[in-house]
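So you can see what is in the structure, the chains are spelled out below.
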Amino acid sequence: MGVVHKKLNVYSPDRYIYFMSDAPHLLKTFWNNLFSSRAHGGQRLLKINGSYITWDQIKQFWEKDVSGQLYMTKLTYDHINLTPQSKMKVKLAAQVVSESLATLLQKFGDDTVQETAKLLLFFDKFFDGLNVRCHQEAKQKRKPFLEPYTSVNDTRFEWMEKVFLKYFIDWYNEAQATPQLTATEKKKMFISLQTFKGLIMAVRSVIEAAKYLLQHVVDRKAYVYTNKFCQDPIEELFGRHRAIGRRADNMNLHMFGYK
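Residues numbered from 1 in each chain as written. Predicted model: local features only at pLDDT ≥ 70, side-chain atom pairs only at ≥ 80, totals over all residues. Heavy atoms only, no water.

### Some remarks on the overall build of the protein
Cut-off, in case you're wondering: Numbering of helices and strands runs from the N terminus, with a helix taken as a DSSP run of H or I at least four residues long and a strand as a DSSP run of E at least two residues long. The classification of residues rests on relative accessible area computed with a 1.4 Å probe and restricted to protein chains. Under 20% of the type maximum is buried, over 50% is exposed, and intermediate values are partly exposed. Contacts: residue pairs with any heavy atoms within 4.5 Å of one another. With residues, only the protein chains shown are counted as cover, and all accessible areas are computed by Shrake-Rupley using a 1.4 Å probe.
For the protein, the count of helices and strands is 12 helices and four strands. Reported as C-alpha extents along the three principal axes, the dimensions of the protein are approximately 60 × 50 × 45 Å. Residue burial in the protein is summarised as follows: out of 259 residues, 41% are buried. When contacts within the protein are restricted to residue pairs at least 6 apart in sequence, long-range pairs at least 24 apart make up 58% of them. By element, 53% of the accessible surface of the protein is carried by carbon and sulfur atoms, the whole surface being about 15,800 Å².

### Focus: the packing of aromatic side chains
What counts, and what does not: Pairing of aromatic rings covers Phe, Tyr and the six-membered ring of Trp, with a centre-to-centre limit of 6.5 Å; geometry is then stacked below 30 degrees between planes, edge-to-face above 60, and tilted otherwise. As a reminder, the over-ring test applies to NZ of lysine and CZ of arginine, requiring each to be within 6 Å of the ring centre and within 35 degrees of the ring normal.
One pass over the structure, following the stated rule, counts 21 aromatic pairs. One cation-aromatic arrangement involves Arg38 over Phe35; the distance from NZ or CZ to the ring centre is 4.4 Å. Directly above the ring of Tyr149 sits Arg156, whose terminal nitrogen or CZ lies 3.8 Å from the centroid.

### Remarks on a nonpolar patch on the surface
Just so we agree on the cut-off: Patch membership needs two things, relative accessible area over 30% and no salt bridge, and members are linked within 9 Å if like-charged or within 5 Å if nonpolar (Val, Leu, Ile, Met, Phe, Trp, Tyr). Here a salt bridge means any side-chain nitrogen of Lys or Arg lying within 4 Å of a carboxyl oxygen belonging to Asp or Glu.
Taken together, the side chains of Val4, Ile17 and Phe19 make up a nonpolar region of the molecular surface, amounting to roughly 240 Å² of accessible area. Judged by its relative accessible area of 47%, Val4 falls in the partly exposed class.

### Thoughts on the state of the cysteines
In plain terms, the rule: Any pair of cysteine sulfurs within 2.5 Å is marked as a disulfide.
Evaluation of the coordinates by the stated rule reveals zero disulfides. Here Cys134 is not disulfide-linked; the sulfur of Cys230 is the nearest cysteine sulfur, at 15 Å.

### Side note on the packing of helix α1 (residues 23-35) against helix α6 (residues 114-129)
The cut-off we apply is this: Helix axes use the C-alpha atoms of the stretch in contact, all axes being lines fitted to C-alpha atoms, and the angles between their N-to-C directions lie in the range 0 to 180 degrees. What sets the label is the angle itself: under 35 degrees gives roughly parallel, over 145 gives roughly antiparallel, 65 to 115 gives roughly perpendicular, and the rest give oblique. Handedness of a crossing is defined here by the sense of rotation of the near helix relative to the far one, left-handed for an anticlockwise turn of less than a right angle and right-handed for a clockwise turn. Only Asp, Glu, Lys and Arg are considered charged, only Ala, Val, Leu, Ile, Met, Phe, Trp, Tyr, Cys and Pro nonpolar, and every remaining residue, Gly among them, polar.
Two elements in contact, α1 and α6, have axes whose closest approach is 11 Å; the angle formed by their N-to-C orientations is 165 degrees. Taken together, the axis directions place α1 and α6 in an arrangement best described as roughly antiparallel. Between α1 and α6 lies a crossing whose hand is left-handed. Residues Ala23, Pro24, Leu26, Leu27, Phe30 and Leu34 of α1 pack against Leu119, Leu120, Phe123, Phe126 and Phe127 of α6. Of the residues belonging to the contact of α1 with α6, the class tally is 11 nonpolar, no polar and no charged.

### Some remarks on the nonpolar core
Worth spelling out the cut-off: Definition used in this section: a nonpolar core is a set of buried Ala, Val, Leu, Ile, Met, Phe, Trp, Tyr and Cys residues joined via side-chain atoms within 4.5 Å.
Counting residues in hydrophobic clusters, the biggest one holds 63 residues, and the most contacted among them are Phe126, Phe168 and Trp171. At the level of secondary structure, the elements contributing two or more residues to this core comprise α1, β3 (46-48), α2 (55-67), α4 (90-96), α5 (99-108), α6, α8 (155-177) and α10 (193-216). Counting residues per element, this core draws most heavily on α10, which supplies 10 residues. Residues contacting Phe168, with those up to four places away along its chain left out, are Leu119, Phe123, Phe190, Ile191, Phe196 and Leu199.

Written as structure tokens, this is what we have:
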């Protein structure tokens, strides 16, 4: 899979410019791929290692949980019955693609949902690894993948490359190698290529960029917050500019924020 995740910085030839897919965006696109995977009428029918991964499995588990008044999950109607607007909410996506739901599926679900649970758990760890934002959160939530990166030998780097990314590469190869299926049917067995390429780009860029920062910072207490590798600050900046200009098509310097 040819994915370009970096280019040489022509203004500083000893460094690279890394291209990174936004972690919250990847979470939402993966969530939407999962939502579209259905046994009947879905745009996809995800399948790996002989097991189907469908939204129906999550919905049926939630319905069973609610009807039995056990309320083991924190999911609500809005988590299960998505609208075009709710599909864009990172908070909802993070609560579905979560360690807590994966653990419940592993413990109380049957054999047909174990691969789904494994996938949710993998993606939860991946998202945590790209969403490190402080020193305290890992201990507060008891999630080691939220620890700041302090060493180039951090085991999470190897996990992302050799476990998480390998899982999706093997999945892609399995779908492509499935005999007696059309190209369209093979495509339905796997997540969208845009999401897949985004995952490859994110993993490789974050690993290399984080290692570079840790290697070239003089301070021995150096650490990396991967949450900083996101497009939110840029979106906020241009959001403020748009608010200043409102509906103007030809903004001048003053309207753009310069005085």
